Structure formats: C-alpha cells, structure tokens
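Secondary and tertiary structure notes
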Amino acid sequence: MAFELNRLVRDNIRTLTPYSSARVEHVGDARIYLDANENAFGPPVGIRLNRYPDPLQASLKERIAAVSGVDPLQIFIGNGSDEAIDLLIRIFCRPGVDNILTCPPTYGMYEVAAGINDVAVKHARLDEGFGIDVPRVLTTIDRNTKIVFLCSPNNPTGNLLSHVSIRTIADAFDGIVVVDEAYIHYASRGSLVAELAARPNLVVLQTLSKAWGLAGLRVGLAFADADVIELLNKVKPPYNVSEAAQETALEALNDPRHLNETVKRTLAERKRLTEALSDLVCVERVYPSDANFLLVRVADASGLHRYLASKRIVVRDRSGLTGCEQCLRITVGTEQENDELILAIENYEKSLIH
Ligand SMILES: *Cc1c(COP(=O)(O)O)cnc(C)c1O
C-alpha cells in the first residue's frame, strides 16, 4: 500500500483544533503587547525574557534552513529531539492498538516514549555486524506498525546504517521511517536530509546536544515533509523552546567554527583512544565508531565499570543489551580525560594481577 499521511494520523489529532495565541493571530508588527498577561515592566534578568517566545521559532529555523539546505517549513524544533520522538508516537500511534518498530541494540528512548504512550514495541534486531536486517524489519512490521525508528550512527554500537537499506525500508513501508542522526557530525558519511524531497514518509532527527555542544540547552530538530512538520507543530506545547534557548542556539549556529574544531579534536581523540584501548589486555574488542563514543568489549564489564566508578570515572555499562554482552560505552573526552581513563584501566589491570 502506498504512503498516505492522512490515513496514518490518529483521528483525534487530524481533527484537533490546536491552541492559538493572540500574538500568532495578530498580523503585522505590533507596537504594544497587552495580550498575554506578561509583566510589562520587564524581568530581573535577560532583556526579552518577560515575553513569551516565538512559538514557531522563525529566526532560528531560517538559520537552520540555510545551514541544512532545507526549507524552513521542513523543520520542527523541539525541547531536545526526545520531544520529537514522543510527539511522533503520539501523532501516529493509537494507545493500546498501534506499535512502533526498533532495531536493537539501539537508543532506549524510543521504547520509553512508546511505553509512556501505551504503544507496543516490535523488535527487528540488528545483524551480527550491527547492520539493518532488512528482511527481518519488513517481516516484523504488521498492519498496526506506524513508525520504524532507525538510529545512524547507532547508539550504542557507533556504526552508520546502510543508506541503501534505509531507502529500501522507506520505499517498502507505508508508515513513517525516523532516522535519528544525533551523531551525524562525527560520521564519515553525510545526512539523509537530502533525501527528504523524494520521501514524504522520512523524518530525520538531529540535535544541538552532541557536536554543537549544547546538551544543556535542550534543542532538537526534526526534518521532514512540510505536512509532517505541520502535525508536529499542531501537537507540540505552544512555547516548547524557550526564548533563552532560541537566542543561544541562533548565536551558536552563527559561529560553526567551534563545532568544526571540536569535531576535529574528537575524531583525533577517537582514533587515539581506539588504539590505546586496543592495546590493553582486558579489552577484547573496540568496535569501529562513526560517533563520539566507543563501544568496547572487555573481559569483565561490570568489574571494570565498578573500578572506574570507584576512581570517579563514569562510563556506561551496556552489557544488559542483547548483542552488547560485556560491553562498555565510553564517550570520547578531552585529551586529558582520555589519558586519565587509559591510566585508570592500566591500574585496574595491575590490581587484578596482585
Ligand atoms: C543523545 C541522543 C539524542 C539527543 O537527544 P536530545 O533530546 O536532543 O538531547 C537523540 N538520539 C540519540 C540516539 C542520542 O544518542
């Protein structure tokens, strides 16, 4: 069956009358704002923070459009990309009826967001090399599967997924295909944003939380067909991205030098850390990474995790995930942090001998 957006959307969302503010309804530049019960005398801090922010983030979208080569109408901005994940599930999946599909081992938020919304999750696990198993995905989908979540580069495995496989799924599936590109700036291959024009069912997620260095700001992006973006705007909280976040994000996007420089340093450190870890006796495998972290299989993941924690170094134990047995996920840190990590693991090995 062909992709048909209107058929895919939940009835209550299709017929919903969204919240509308007086400021959006006013056309043209106003002189005096007495419509939103703000404090007209101003805030204790921040020049414009007494005013509600632009609900559709026009200036920020204009800038992102220029950077990403898409139309502003193809951009949704959320309170982190986690908000976009939740909204997509709520737009398309009827609680207790519909389901989403994920490809584990992968990012945990798809499953959590589905659970919160009482939406079931189907699994089509990645193959041995952490690639998409296309036949398994296509046979696991059923008539109530509304969204397929793919993560590329994948968290926690670090690898890119094949563009050919993603296209095959997007063509064969009449629901939404979400490709989460949170780590795309660290990858050796480019974004799928360029494919949006040809694929009305594709949603690409990106974020300012990783390479842009702004995890604390909470700004996530979804790129999609304008009709899908319209649905996201319809269901989002009206003021989901604060004025402080919009202004700071705009400032950051106007200066991509910091991003370029820190990505370069991260890639150099990723290589150095890969080599240093590979030389350690307790390390069995460092998986290749297109992200800013390494998946590392060790002899005793929980033992090493505990040892590092005792030295106040926190890494992520991913042993519990099928396919990631005895694996730690280690973020690439600064040069000095990585040196300290390696030294600590060397000391851990010595402590095992004595
Ligand atoms: C870190 C991460 C995100 C980012 O989420 P935000 O809400 O934008 O901070 C999204 N997807 C994946 C796979 C991630 O690892």
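Analysis parameters
Residues numbered from 1 in each chain as written. Predicted model: local features only at pLDDT ≥ 70, side-chain atom pairs only at ≥ 80, totals over all residues. Heavy atoms only, no water. Helix = DSSP H or I, 4+ residues; strand = E, 2+ residues; numbered from the N terminus. Rg over C-alpha atoms; globule rule 2.2 N^0.38 Å. Buried < 20%, exposed > 50% of the residue type's maximum accessible area, 1.4 Å probe, protein only. Contact = heavy atoms within 4.5 Å. Lys, Arg positive; Asp, Glu negative; His and termini not counted. Charge placed at Lys NZ, Arg CZ, Asp CG, Glu CD. Domains from an automatic or database assignment. Buried area = accessible area lost by both parts, 1.4 Å probe. Salt bridge = Lys/Arg side-chain N within 4 Å of Asp/Glu carboxyl O. Polar contact = N/O pair within 3.5 Å; in protein donor to acceptor, adjacent residues only side chain to side chain. Nonpolar A, V, L, I, M, F, W, Y, C, P; charged D, E, K, R; others polar. Pairing = 2+ DSSP bridges. Phe/Tyr/Trp six-rings, centres within 6.5 Å; stacked < 30°, edge-to-face > 60°. Axes fitted to C-alpha atoms, helices over the stretch in contact; angles between N-to-C directions. Parallel < 35°, antiparallel > 145°, perpendicular 65-115°, else oblique.

The next point concerns the overall build of the protein. Scanning the protein from N- to C-terminus turns up 13 helices and eleven strands. Taking 354 residues into account, the globule formula puts the C-alpha radius of gyration at 20 Å, and the protein, at 22 Å, falls close to it. Each of the three principal axes of the protein carries a C-alpha extent, and together these read 75 × 55 × 35 Å. The buried share of the protein, reckoned over its 354 residues, is 48%. Put simply, of all contacts in the protein between residues at least 6 apart along the chain, 68% involve residues at least 24 apart. Within the protein, the 46 negative side-chain charges are centred at a point lying 2 Å from the centre of the 38 positive side-chain charges.

Glancing now at the domain arrangement of the protein. Looking at the protein, the domain boundaries give domain 1 (5-254) and domain 2 (257-353). The C-alpha centroid of domain 2 is placed 30 Å from the C-alpha centroid of domain 1. With 17 residues of domain 1 in contact, the opposing surface of domain 2 contributes 20 residues. Approximately 1,500 Å² of surface area, both sides summed, lies buried where domain 1 meets domain 2, with 65% of it carried by carbon and sulfur atoms. Of all residues in domain 1, the largest losses of buried area upon contact with domain 2 belong to Phe130, Pro156 and Tyr186, amounting jointly to 40% of the total for that side. At the surface where domain 1 touches domain 2, the tally comes to zero salt bridges. Joining domain 1 to domain 2, the criterion identifies five residue pairs in polar contact (both at pLDDT 80 or more). Here the side of domain 1 that touches domain 2 is composed, by residue class, of ten nonpolar, seven polar and no charged.

Another aspect to go through is the pairing of strand β9 (residues 293-298). Most of β9 sits out of view: five of its six residues are buried. Looking at chain direction, strand β8 (residues 283-286) and β9 are connected through three bridges and run antiparallel. When the sheet's bridge partners are listed, valine 283 is paired in β9 with valine 298. Counting the residues that bridge the hairpin from β8 to β9 gives six residues. Here β9 pairs with strand β11 (residues 327-331) via five bridges, running antiparallel.

What the rule picks out here adds up to six aromatic pairs. By the ring-pair criterion, three or more aromatic residues cluster together here, those being Tyr107, Tyr110 and Phe149.

Going through the model one piece at a time under the given rule, you end up with 19 salt bridges. A salt bridge links arginine 48 to glutamate 247; the nearest nitrogen and oxygen atoms lie 3.0 Å apart. On the criterion of sequence distance, the pair formed by arginine 48 in the loop between α3 (22-25) and α4 (58-68) and glutamate 247 in helix α10 (residues 243-253) is long-range, its members being 199 residues apart. On the accessibility criterion, arginine 48 (47% relative accessible area) is partly exposed. Across the pair glutamate 335 and arginine 265 runs a salt bridge whose closest N-O atoms are separated by 3.0 Å. Of this pair, glutamate 335 sits in helix α13 (residues 335-353) while arginine 265 sits in helix α11 (residues 257-278); the two residues are 70 residues apart in sequence, bridging distant segments of the chain. What makes arginine 265 partly exposed here is its relative accessible area of 44%. Several salt bridges share partner residues, and in doing so they unite Arg167, Asp171, Glu195 and Arg199 into one network.

Right, let's get into the packing of α11 against α13. It is the contact of α11 with α13, at a shortest axis distance of 10 Å, that shows an interaxial angle of 10°. Between α11 and α13, the crossing angle belongs to the class labelled roughly parallel. Residue-level contacts link Arg265, Glu269, Arg272, Leu273, Ala276 and Leu277 of α11 to Glu335, Asn338, Asp339, Leu341, Ile342 and Ile345 of α13. For the contact of α11 with α13, the per-class residue count stands at six nonpolar, one polar and five charged.

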